[in-house]
Structures are given as C-alpha cells and as structure tokens.
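Residues per chain are reported as follows:
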Amino acid sequence: MRTVASGWWDLIALFTRQTPTRIATRHGVSFDIPGLTVWLRNPADLTAPRGYPYPELIRDYRDRVFGEQRESSLLHQRLRRWTGGEGAPIDQFQQALAVLRQDEHSRSAVFSTWRPETDLGGRFPVSPVGGALRILDGNLVLFLTARSVDVWVGLVPELLTFGQLVTDAALELGLAGSQICYHAWSAHLYEIDYLTYLSGPR
C-alpha cells in the first residue's frame, strides 16, 4: 500500500477475494490470513483511512508510544527500556539507529519486544514481537514482525504509530524517506466485524 489511508480498505477486501482460514478463538470466530506481508511505501502520511471506525484507538496507541501512557505501556518499555541482567535499561531502538550510523549496510540493527518468560503462554502476549532497521536505496526501512493483528481494529493504529516512529528516525539519520515492511503471522478479521464491513458503506 502507498499509504495507510489509501490501502487499508483494499487490505480488508482480501478477506472477500481469498479463502481465509476460519478459526474459533476465545474472542469469537475469526477469519485468518496467515503470513500476510504488507509493504507501506509512504509511512510519513499519517492520515487515517476514510471510515475507519476507531479513531480513539489511534490516539491511544500513539499515546502509549509517544505520550503520557509511555511509563505504563508494555510496548514502550520493551522497545525503549529493555531490562535484563545487570546495568541500566536499554533503548533498543536508539541502539539500532546507532548501529546504522556506524555501518549503513549493517544487517544487525535488530530489536526484540518478546520475553519468553512472560509472553510464552501468557494471556496477553506482546505484538509486534520484534523487528529490524535497514538502509536501502537511501530510505530507512522498518521491518516489523507481528505475532497477531486484528486487521479491522488494530492494524491502522499500529501502522500509523510505527509510521511516525520510522519517519522521525529517518530524519534523525538524514535519509530521504522511509518504508515499513510489516509481516503478521496471524492477520485476522472477526466474524462480527466482517459482517459490519459487508453491510456498511465503503
């Protein structure tokens, strides 16, 4: 997709053009496209899609990464204040940028948000589980790996928030632009939301 605003409805439409896997979960029946990869070509455009039903979730997700909820945000703590072993907390994202400053061709600017002692078997395991940064053709590319994403509810806030993060990071590195490659092991749409999509205006 070129932007989140222009591509989200096309992504939702995949659930009608393909035959997703039907799964009964503790949250209800969902349709699942496993291993979905999305390339977001212009993450600097932070416009929400027309008709996206949860604009308050965009504000909430952004606030957990950039705003007042950072101190209580699991994602922010894992990304910016990783703890383990001895020593001060680690800002993984800034360390990944430092790796690229030292070697723009590095393939080792990697960060993790997954803690197996907490997340493996946990009730609310973190997602995305990690990612990497690379400089390709003068652009900063953020590779994100999501354990699970609700395409109807959570994907838009996630992409817009990480869009701001990678755009700011590209400016910090003096690069021309940025992109996101987002890979979800489970990209799903719940049955009730699917029916809403089929019956609503688009």
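Structure first, text after, so check above.
Read on for an overview of the structure. (Residues numbered from 1 in each chain as written. Predicted model: local features only at pLDDT ≥ 70, side-chain atom pairs only at ≥ 80, totals over all residues. Heavy atoms only, no water.)

### Digging into the packing of aromatic side chains
In the structure shown here, the tally under the stated rule is 10 aromatic pairs. Judged by centre distance (6.1 Å) and plane angle (25°), the rings of W9 and Y197 are stacked. Linking W9 in helix 1 (residues 4-17) with Y197 in helix 7 (residues 191-199), this pair joins segments that are 188 residues apart in sequence. We note that W9, like Y197, is buried. Both rings, one in F31 and one in Y194, keep their centres 5.2 Å apart while their planes meet at 55°; by these two values the pair is tilted. Of this pair, F31 sits in strand 2 (residues 28-40) while Y194 sits in helix 7, and the two are 163 residues apart along the sequence. (Phe/Tyr/Trp six-rings, centres within 6.5 Å; stacked < 30°, edge-to-face > 60°. Helix = DSSP H or I, 4+ residues; strand = E, 2+ residues; numbered from the N terminus. Buried < 20%, exposed > 50% of the residue type's maximum accessible area, 1.4 Å probe, protein only.)

### Notes on the packing of helix 4 (residues 92-102) against helix 6 (residues 155-173)
The N-to-C vectors of helix 4 and helix 6 enclose an angle of 35°; their axes lie 11 Å apart at closest approach. Once helix 4 is placed against helix 6, the crossing between them reads as right-handed. Residue-level inspection shows F93, Q94, L97, L100 and R101 of helix 4 in contact with helix 6, the latter providing L165, A169, E172 and L173. Along the lines of polarity and charge, the residues of the contact of helix 4 with helix 6 split into 6 nonpolar, 1 polar and 2 charged. (Axes fitted to C-alpha atoms, helices over the stretch in contact; angles between N-to-C directions. Left-handed = near helix turned anticlockwise from the far one by under 90°. Contact = heavy atoms within 4.5 Å. Nonpolar A, V, L, I, M, F, W, Y, C, P; charged D, E, K, R; others polar.)

### A word on the pairing of strand 4 (residues 130-136)
Burial analysis of strand 4 places 5 of its 7 residues in the buried class, which makes it a mostly covered element. Alignment of strand 4 against strand 5 (residues 139-146), held across 7 bridges, turns out to be antiparallel. If you follow I135 over to strand 5, its bridge partner there is L140. Hairpin remark: strand 4 followed by strand 5, antiparallel, with 2 residues in the connecting loop; positive phi at D137, about 55°. (Pairing = 2+ DSSP bridges.)

### Examining the nonpolar core
Among the nonpolar cores identified, the biggest contains 52 residues, and L133, L140, V151 and Y182 are the most heavily contacted of them. Among the elements that line this core, the one with the most residues is helix 6, at 10 residues. (Core = buried A, V, L, I, M, F, W, Y, C linked by side-chain atoms within 4.5 Å.)

### Quick word on the pairing of strand 5
Extensive coverage of strand 5 is indicated by the burial of 6 of its 8 residues. Where strand 5 and strand 7 (residues 177-190) come together, 8 bridges link them in parallel fashion. From the neighbouring strand, A146 faces strand 7, where its bridge partner is A184.

Functional significance is not addressed by these values, which are geometric in nature.
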